Amino acid sequence: VQLQAFGGGLVQAGGSLRLSCAASGRTFSSYAMGWFRQAPGKEREFVARISRTGGTTYYTDSVRGRFTISRDNAKNTVTLQMNSLKPEDTAVYYCAADTGVILSSKPDYWGMGTQVTVSS
């Protein structure tokens, strides 16, 4: 599967952004999906994941309650709605797909990143 993420940009603290990831192929619903991010000078970290059907989601503690992950299997897309953004959310965000039941720490497929910059 090929993944393309878009929707990043520059926003002030407290603002919102919506990231989307479009996947190629006809088997999108067979992949667990999610988002990771990498801030300058830091390791890539998990942000959010969603099950194949969309029925189960999970977030890292720092974004829980502010970010929402969703998917549309008919449109082969996964979305990350980011609200109440903080400067520490600044990073390159990566969409990922996993053939496992849930998104692992080492997904099978990665998309190109999209930059999110939150100004204070």
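Scroll up to find the structure this text is about.
Throughout, a residue's number is its position along its own chain's written sequence, starting from 1. Per-residue local features are limited, in this predicted model, to residues with pLDDT of at least 70; the limit for side-chain atom pairs, both in listing and counting, is 80 or more; totals at the level of whole chains, interfaces and linings are taken over all residues. Working from all heavy atoms in the structure, the side-chain values ignore hydrogens and water.

### Re the packing of aromatic side chains
The line we're drawing: For Phe, Tyr and Trp, where Trp contributes only its six-membered ring, two rings pair if their centres lie within 6.5 Å, and the inter-plane angle classes them as stacked under 30 degrees, edge-to-face over 60, or tilted in between. Criterion for a charge above a ring: Lys NZ or Arg CZ within 6 Å of the ring centre, and within 35 degrees of the ring normal.
Inspection of every chain in the model, using the stated rule, returns 5 aromatic pairs. Chaining the aromatic ring pairs together yields one cluster made of Phe36, Phe46, Tyr58, Tyr94 and Trp110. Taking the ring centre of Trp110 as reference, the NZ or CZ of Arg44 above it sits at 4.4 Å. Across from the ring centre of Tyr58, 5.3 Å away, lies the NZ or CZ of Arg64, which sits over that ring.

### A look at the nonpolar core
To keep it simple, the criterion reads: Grouping buried Ala, Val, Leu, Ile, Met, Phe, Trp, Tyr and Cys residues that are joined through side-chain atoms within 4.5 Å yields what is termed a nonpolar core. Residue burial is assigned from relative accessible area. The probe radius is 1.4 Å, only protein chains are included, and a residue is buried under 20% of its type maximum, exposed over 50%, and partly exposed in between. Counting from the N terminus, the helices are the DSSP runs of H or I reaching at least four residues and the strands are the DSSP runs of E reaching at least two. What makes two residues a contact is simply this: any of their non-hydrogen atoms within 4.5 Å.
Ranked by internal contacts, the top residues of the largest apolar core, which has 29 residues, are Met33, Trp35, Phe67, Val78, Leu80, Met82 and Tyr93. Mapped onto this core, the elements with two or more residues apiece are strand E1 (3-6), strand E3 (17-23), strand E4 (32-38), strand E5 (45-50), strand E7 (67-72), strand E8 (77-82), strand E9 (91-98) and strand E11 (114-119). Dropping the residues within four chain positions of it, Met33 is found in contact with Leu3, Phe28, Ala48, Arg49, Ile50, Ile69, Arg71, Val78, Cys95, Ala96, Ala97 and Leu103.

### Quick look at the environment of Gly8
Position of Gly8 among the secondary structure elements: in the loop between E1 and strand E2 (9-12). Taking the C-alpha atoms as reference points, Gly8 and Val116, separated by 108 residues in sequence, lie 4.9 Å from one another. Setting aside residues no more than four positions away along its own chain, Gly8 makes contact with Leu17, Leu19, Thr114, Gln115 and Val116.

### So, the environment of Leu19
Topologically, Leu19 is positioned in strand E3. Distance from Leu19 to Leu80, taken between C-alpha atoms, is 5.0 Å for residues 61 residues apart in sequence. Beyond its immediate stretch of four places on either side in the chain, Leu19 contacts Phe6, Gly7, Gly8, Trp35, Val78, Thr79, Leu80, Met82, Tyr93, Thr114 and Val116.

### So, the side chain of Asp98
Definition in use: Under this definition, polar contacts are N or O atom pairs within 3.5 Å; protein pairs additionally need one hydrogen-donor-capable and one acceptor-capable atom, and for neighbouring residues in sequence, both atoms have to be side-chain atoms.
For Asp98, the position within the fold is in strand E9. Here Ser104 takes part through its side chain, which lies 2.7 Å from a polar atom of the side chain of Asp98. If sequence neighbours within four positions are ignored, Asp98 has contacts with Ser30, Tyr31, Ala32, Leu103, Ser104, Lys106, Pro107 and Asp108.

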